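Survey of secondary and tertiary structure
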Amino acid sequence: MKPFVPKVVAIQDLSCFGRCSLTTIIPVLSCMGVQVCPLPTALFSTHLGGFGQPAFYDFTNHMPIFSQHWKREDVIFDCIYSGFLASEEQIALVCHLIDEFSQNTPLVVVDPVMGDGGKLYSTYTPYMQEQMKVLVKKADIITPNYTEACFLLGEPYQTEHYDMEKMKEWLVRLADLGPSIVVMTGIIVDQKKVINLGYDQQTGSFWEVSKDYIMAQYPGTGDIFASVLTGSLMKGKDLYTAMELASDFVALAIKATFDACTPKREGVLLESVLPWLCRKVDNEG
């Protein structure tokens, strides 16, 4: 019997330098036994943090041409996974693609990439912020960081005194926007712990995974977390197991990179830690 290799269409930008978005998503999911079919939203010379003004190519006009060709060829995806979207029009395009490829009810994962550190990314507009709620409504799973959760809910951003019970209330409110599973990432507590908090609306269960906080931030860690989470769920793992593996791998990548003292803007040393993930996936079957 031929092994089943699930297919995921990854709707993300391609930042050619800096280890984030598709340059991390493709190797991570491939390592987990998932075929990645990239649909670029934009092409950047580098990511948007720490490199000045990158060279940029907007892929908006090409996205429907690619998806239409897939449709003509009867391509079937097991998962639709979206991340950074470069324009207002792209949100509508992704919503349409989800509808077009819904015949086999693929898992729909939306990483609502909008900002970090309490601020929207420079490419984001208030209208895009509101339209992201339309896309979130179509998702089965969303993986906002704390900043993005604030924007989706219209809550003020704060840097301390997190109330975990309040965060759980936020997860319930985020699920009420449409997705059945919500995982909020990067909740930093007292500069000592970073917590990833999950909620399954169908069971009413909450899951919490905490790791020691290292005072360094690297681009692409959110992409890595969402990709490991997605790959684990596609392989039939439960939510807590998927969150734990994603948290462990991101923590390992951050520690290895911090210890190596490499430039933060270049992202985590993914190449050094991918073998650990491959072994972990092989051992767990």
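Now for a quick tour of the structure. Positions within a chain are numbered from 1, following the residues in the order the chain's sequence is written. Reporting in this predicted model follows two pLDDT cut-offs: at least 70 for local features of residues, and 80 or more for side-chain atom pairs to be given and counted; totals over whole chains, interfaces and linings ignore these cut-offs and use all residues. Computation of side-chain values: all heavy atoms of the structure, hydrogens and water removed.

**Some remarks on the sheet that holds strand β3 (residues 56-58)**
What counts here: Paired strands, in this sense, are two strands between which DSSP finds at least two bridges. Only DSSP runs of H or I with at least four residues qualify as helices, and only runs of E with at least two residues qualify as strands; both kinds are numbered from the N terminus onward.
Taken in spatial order, the 9 strands line up as β3-β2-β1-β4-β5-β8-β9-β10-β11 in an open sheet, and their pairing is mixed. Of all strands in the sheet, those bounded by a partner on one side alone are β3 and β11 (205-212). Pairing of strand β2 (residues 35-44) with β3, which is carried by 3 bridges, proceeds in the antiparallel orientation. Note that in β3 the partner of Leu-43 across the bridge is Tyr-57.

**Some remarks on the layout of surface pockets**
Here is the rule we go by: Here a cavity denotes grid points, spaced 1 Å and computed from the protein atoms alone, that fit a 1.4 Å probe unable to get out, and a pocket denotes an open set having protein on both sides within 12 Å along at least 5 of 7 lines; residues with an atom within 4 Å of a point are the lining. Grid points are joined across faces, edges and corners, and a volume is the space filled by probe spheres set on the points.
Roughly 1500 Å³ of volume is contained in the largest pocket. What lines the largest pocket is a set of 50 residues, and nearest its centre among them are Asp-116, Asn-145, Tyr-218, Thr-221 and Gly-222. Of all the secondary-structure elements, those providing two or more residues to the lining of the largest pocket are β1 (7-15), α5 (146-153), β9 (181-189), β10 (193-200), β11, α7 (221-234) and α8 (239-260). The dominant element in the lining of the largest pocket, judged by the number of residues it contributes, is α8, at 5 residues.

**Considering the nonpolar core**
The line we're drawing: Working definition of a nonpolar core: buried Ala, Val, Leu, Ile, Met, Phe, Trp, Tyr and Cys residues. They are joined through side-chain atoms within 4.5 Å. Each residue is placed in one exposure class: buried if its accessible area under a 1.4 Å probe, protein chains only, is under 20% of its type's maximum, exposed if it is over 50%, and partly exposed if it falls in between. Contact definition: two residues touch when any of their heavy atoms are within 4.5 Å.
Within the largest apolar cluster, 45 residues are counted, with the highest numbers of intra-cluster contacts made by Ile-11, Met-132 and Leu-135. Excluding residues within four positions of it along the chain, Ile-11 makes contact with Leu-39, Thr-41, Met-63, Ile-80, Tyr-81, Ser-82, Gly-83, Phe-84, Leu-85, Val-94 and Leu-97.

**Some points on the pairing of β9**
Of all the 9 residues making up β9, 7 are buried; the element is thus mostly covered by neighbouring parts of the structure. Note: strand β8 (residues 141-142) against β9, 2 bridges, orientation parallel. Bridge assignment links Ile-141 to a residue of β9, and that residue is Ile-181. Here β9 runs beside β10; their pairing, made up of 7 bridges, is antiparallel. If you follow Val-183 over to β10, its bridge partner there is Gly-198. Between β9 and the antiparallel strand that follows it, β10, lie 3 residues; Asp-190 among them carries a positive phi value of about 55 degrees.

**A few points about the environment of Ile-26**
Position of Ile-26 relative to the elements: it lies in helix α1 (residues 22-31). Linking Ile-26 and Ser-210, residues 184 residues apart in sequence, is a C-alpha distance of 26 Å.

**Section: unusual backbone geometry**
We note that Asp-74 has phi near 60 degrees; this positive angle belongs to a residue other than glycine. Tracing the chain through its elements places Asp-74 in the loop between α2 (63-72) and β4 (79-82). The phi torsion at Cys-261 lies on the positive side, around 55 degrees, for a residue other than glycine. Here Cys-261 lies in the loop between α8 and α9 (270-284). Taking the relative accessible area as the measure of exposure, Cys-261 reaches 66% and is therefore exposed.

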